[in-house]
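Fold and geometry: a report
Residues per chain, in single letters:
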Amino acid sequence: MATVDTSIPEHATGAAAHLVSHRSQELAVKLYGSWFCPFVQRAWIVLEEKNIPYHYIEINPYRKEPEFLALNPRGLVPTLAVPPDDHGNPRKPLYDSTIIAEYLDEAFADTTEYGPRFLPGDPYERARCRLWIDHINTRIVPAFYRFIQQDPSDKSALAEVRADFLEQLRLLVREMDDRLPYFLGEDFSLVDAMLAPWAVRLFIIDHYKPGGVGIPAFEHGGENEQDWDRWRGWFDAIRERKSVKGTMSDAASYIEVYKRYADNTTNSLVGQATRKGGRMP
Ligand SMILES: N[C@@H](CCC(=O)N[C@@H](CS)C(=O)NCC(=O)O)C(=O)O
């Protein structure tokens, strides 16, 4: 088994550090998370959006502590401890960010208490959201890691992973409602929450890879200008959204921790899957 780098900084910084201290009270709903993890940020965004009372517990998932493996045999964050059932019987924790996000939306469904639902009521529209969440999980996210882990000295390979990433992203953008700013227009949805953490990490690729992410600047999108303009409208709203901003650490912290991806030395399961061309954890 590959040696796992457990030297990563142990705690959030900036806005996320403030939030962690605010969410440090013992409660039934517990988010076992890692400050740097985009999959965790998905669940974190949904908890914050719905103002669900929860306890944030910082975990270093690379340590694979027995206590943590007892909660989630996959040893991955996010892991969510949930309230007992109606008879007071304890329930096993849930894991996997997409599943956690959907669970939270369904379990905390009272709109007067928890605000709007994040998947549409119409079955077709709900299925369409799930389709594009699947596109994020199986196309965009893997392409992001291929891009960030690509050795930049191989210029043509870098150009290839960049082109693939941009194309997968643009395919999603083309599905966005014409009305700004979110995937469904005015209403924030799980599609937005599932993509946001990687969108707000794109600056890391700009930092480490010559030529950067490569999203065209305003009026430089050529034949795809309309799509990139839609992306800019989405991105501006996402990075200003309270739940997104509030769950972010300082930029410098991400630059430091993602160096392991940028120089392709990470032994995280995501990093290994990217190198092998295998399935993401
Ligand atoms: N499919 C999982 C992936 C979660 C995941 O890979 N989390 C990373 C941190 S960003 C992790 O726990 N890694 C532990 C490891 O690689 O050993 C999800 O959506 O929640």
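Residues numbered from 1 in each chain as written. Predicted model: local features only at pLDDT ≥ 70, side-chain atom pairs only at ≥ 80, totals over all residues. Heavy atoms only, no water.

As for the overall build of the protein
Looking only at helices and strands, one finds 14 helices and four strands in the protein. Scaling as 2.2 N^0.38, a compact globule of 281 residues should have a C-alpha radius of gyration of about 19 Å, and the protein matches this with 19 Å. Overall size of the protein, expressed as C-alpha extent along the three principal axes, is 60 × 45 × 35 Å. In the protein, buried positions account for 51% of the 281 residues. Expressed as a percentage of contacts within the protein between residues at least 6 apart in sequence, the contacts between residues at least 24 apart total 70%. On the protein, roughly 13,700 Å² of surface is accessible, and the fraction owed to carbon and sulfur atoms is 52%. When the 33 basic and 41 acidic side-chain charges of the protein are each reduced to a single mean position, those positions are 4 Å apart. (Helix = DSSP H or I, 4+ residues; strand = E, 2+ residues; numbered from the N terminus. Rg over C-alpha atoms; globule rule 2.2 N^0.38 Å. Buried < 20%, exposed > 50% of the residue type's maximum accessible area, 1.4 Å probe, protein only. Contact = heavy atoms within 4.5 Å. Areas by Shrake-Rupley, 256 points an atom, 1.4 Å probe, with all protein chains shown as cover. Lys, Arg positive; Asp, Glu negative; His and termini not counted. Charge placed at Lys NZ, Arg CZ, Asp CG, Glu CD.)

Comments concerning the domain arrangement of the protein
Split into domains, the protein comes out as domain 1 (14-114) and domain 2 (123-276). Put simply, the middle of domain 1 and the middle of domain 2, counted by C-alpha atoms, are 23 Å apart. Between domain 1 and domain 2 the total buried area reaches about 2,200 Å² when both faces are included, carbon and sulfur atoms providing 63% of it. Seen at the junction of domain 1 and domain 2, the total is 12 residue pairs in polar contact (both at pLDDT 80 or more). (Domains from an automatic or database assignment. Buried area = accessible area lost by both parts, 1.4 Å probe. Polar contact = N/O pair within 3.5 Å; in protein donor to acceptor, adjacent residues only side chain to side chain.)

Here we look at the site of the ligand
Taken together, 14 residues surround the ligand, and among them Cys37, Lys64, Ser97, Leu269 and Pro281 come closest. Pro281 has a polar backbone atom sitting 2.7 Å from a nitrogen atom of the ligand. Starting from 520 Å² of accessible surface for the ligand in isolation, the protein chains cover 95%. Assessed atom by atom at 2 Å from the grid points, the ligand resides in the largest pocket. When residues of the shell around the ligand are assigned to domains, at least three map to each of domain 1 (14-114) and domain 2 (123-276). (Near = heavy atom within 4 Å. 1 Å grid on protein atoms, 1.4 Å probe; cavity = no way out; pocket = protein on both sides within 12 Å on 5 of 7 lines; lining within 4 Å. Sits in = over half its atoms within 2 Å of the grid points.)

Examining the sheet that holds strand S3 (residues 79-81)
Taken together, four strands build an open sheet; the order of strands is S2-S1-S3-S4 and the sheet is mixed. At either margin of the open sheet sits one strand with a lone partner, and together these are strand S2 (55-58) and strand S4 (94-95). In the sheet, S3 pairs with S4 via two bridges, with the strands oriented antiparallel. For Leu80, the partnering residue across the bridge sits in S4 and is Leu94. (Pairing = 2+ DSSP bridges.)

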